[in-house]
Amino acid sequence: MQGLAGDGGLFMPEHFPHFDKKFINALGKKNFEEIALEVSKQYISDISEKDLKKIVKEAFNFKVPLVQISDNLFILELWHGPTLAFKDFGARFMARLMNYYLKREKKDLNIIVATSGDTGSAVARGFYGLSNIKVFVLYPSGRVTPLQEKQMATLGKNIVAIEVGGNFDDCQKLAKQALSDPELRRKLNLSSANSINFGRLLPQSFYYFYGAAQYCQLTNQPINQLTFTVPSGNFGNLTAGLIAKQMGLPVKQFIAATNVNDAIPKYLKSGKYVSRVSRKTISNAMDVGNPSNFARMLEIYGHSYKKMAKDINGVAISDKETRETIKNLYHETGYVADPHTAIGIAAVKQSNVSQPVIVLSTAHPAKFREVVEPIIGKKVALPRQLKAVLRKKKKSVLIENNFEDLKKIVLEENSQ
Ligand SMILES: *Cc1c(COP(=O)(O)O)cnc(C)c1O
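Residues numbered from 1 in each chain as written. Predicted model: local features only at pLDDT ≥ 70, side-chain atom pairs only at ≥ 80, totals over all residues. Heavy atoms only, no water.

What follows covers the nonpolar core. Core analysis: the largest hydrophobic core is formed by 67 residues, its most contacted members being Phe60, Phe93, Tyr207, Tyr208, Phe209, Leu249 and Ile312. Sort the elements by how many residues they give to this core and helix H9 (residues 198–219) lands first, with 11 residues. Per-domain counts for this core show at least three residues from each of domain 1 (52–85 + 198–382) and domain 2 (87–197 + 390–413). Within the second largest apolar cluster, 26 residues are counted, among which are Ile69, Leu84, Val359 and Val380. (Core = buried A, V, L, I, M, F, W, Y, C linked by side-chain atoms within 4.5 Å. Buried < 20%, exposed > 50% of the residue type's maximum accessible area, 1.4 Å probe, protein only. Helix = DSSP H or I, 4+ residues; strand = E, 2+ residues; numbered from the N terminus. Domains from an automatic or database assignment.)

Turning our attention to the sheet that holds strand E1 (residues 66–70). Taken together, the 6 strands give an open sheet; going across it, the order is E1-E2-E10-E7-E8-E9, and neighbouring strands pair in mixed fashion. Of all strands in the sheet, those bounded by a partner on one side alone are E1 and strand E9 (312–316). Going across the sheet, the axis of each strand differs from the next one's by a mean of 25 degrees, ignoring polarity. Summarising the sheet, strand E2 (residues 73–77) and strand E10 (residues 357–361) pair through 5 bridges and their orientation is parallel. When the bridges of E10 are listed, Ile75 appears paired with Val359. (Pairing = 2+ DSSP bridges. Axes fitted to C-alpha atoms, helices over the stretch in contact; angles between N-to-C directions.)

It is worth spelling out helix H5 (residues 118–127) at this point. For an α-helix, the turn length of 3.6 residues means that residues three or four places apart are oriented alike. Extensive coverage of H5 is indicated by the burial of 8 of its 10 residues. Taken as a whole, H5 has its buried residues at Asp118, Gly120, Ser121, Ala122, Val123, Ala124, Gly126 and Phe127. Looking at the packing, one finds that the buried side of H5 touches helix H4 (87–104), strand E3 (109–114), strand E4 (133–140), helix H6 (146–153), strand E5 (159–165) and H9. The positive-phi residue at the C-terminal boundary of H5 is Gly129, with phi of around 85 degrees. (Contact = heavy atoms within 4.5 Å.)

Okay, the domain arrangement of the chain next. Here the chain is described as being made up of domain 1 (52–85 + 198–382) and domain 2 (87–197 + 390–413). Computed over C-alpha atoms only, the centres of domain 1 and domain 2 are separated by 27 Å. Across the contact surface, domain 1 and domain 2 share 10 residue pairs in polar contact (both at pLDDT 80 or more). Only helix H3 (49–59) and H9 provide two or more residues apiece to the side of domain 1 that touches domain 2. For the side of domain 1 that touches domain 2, the leading source of residues is H9, giving 9 residues. The class makeup of the residues in the side of domain 1 that touches domain 2 is 19 nonpolar, 8 polar and 4 charged. (Polar contact = N/O pair within 3.5 Å; in protein donor to acceptor, adjacent residues only side chain to side chain. Nonpolar A, V, L, I, M, F, W, Y, C, P; charged D, E, K, R; others polar.)

Printed below as a string of structure tokens:
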């Protein structure tokens, strides 16, 4: 519920539970729900198995297919959820866990979150329809794509979309001010649904096990030579993979693939970490100059650069290489990758790995069709989730960049 620790640090488990060989060897026989339940049970001991099963079932009501592209290249599609990106895993699971505890304690919660686009839609969708939680999503007017706006501002029910006359930083300031406002804090239970919440990392470890399980089923090969390639920005996704390895999943290597925001690939090559101001790219969900999960990565490897560099290979990919990869992959195999996934695929090529590789595919190409369509010279069909949302009417409240207006809305919504 707290997200960040009181001293500003990130929460970590005191130790990682460990699966035995028997569990790993039987992975190939398990489906996603079974794996999700087995893994979460190791961390969550105060929810009955029956209730946890229900949470898992409702959170992951979409498929997670592994697609074979060539002999040794596999793509794990993590974008079949409602917002067509992998953030659905973390947002939906965390939302249902929070709602479960709130109900049990007969409490309500108000979440106030600022977004520049993608996080807002995943959080809004993740919490949509839950009984004890209200979400206020603040987004900058005219600065999110029409599709992103529709994804967060057409929901209604417990989701209040607030369109702010200002930029993203203004939204973030307003959200912070609301979270620390004495009157709001006295009257309401407040939280920020932060992206660094451990409750969002845990569910992301499930699909590493499930990717390995499907690899087993598809190829009849043992899983101990697998490499996972992870398109990375804030490094939550990759950290979830490191956690799966800590829990006993035999991963040979991770490839951390970034765009030109390459603080971690640089660290993995030199042992020196230098954070930078983020640079804009066509894989914009990965434009992070100073990834917050680096602290967790250091913790997992006992602050040993040597150990980390042995497990993780870092590769940075330019926009030009990203475009070429989308184009070549399409012409060679017919597969259409979004710019983030393409970075993962380009990183595999550059790393010259000869063993089987699973690339995590983090978004559906239709979400970035302005970039993808001119490269492949063809339209990308809109999946049904997007078509449905585009037909809906926007229901946001427009406010100036003014805290009193925001406060009034939050209080009003809570007095009904
Ligand atoms: C958020 C995001 C990423 C980066 O994930 P991290 O966990 O922050 O490293 C990659 N691709 C897409 C499409 C995203 O939305």
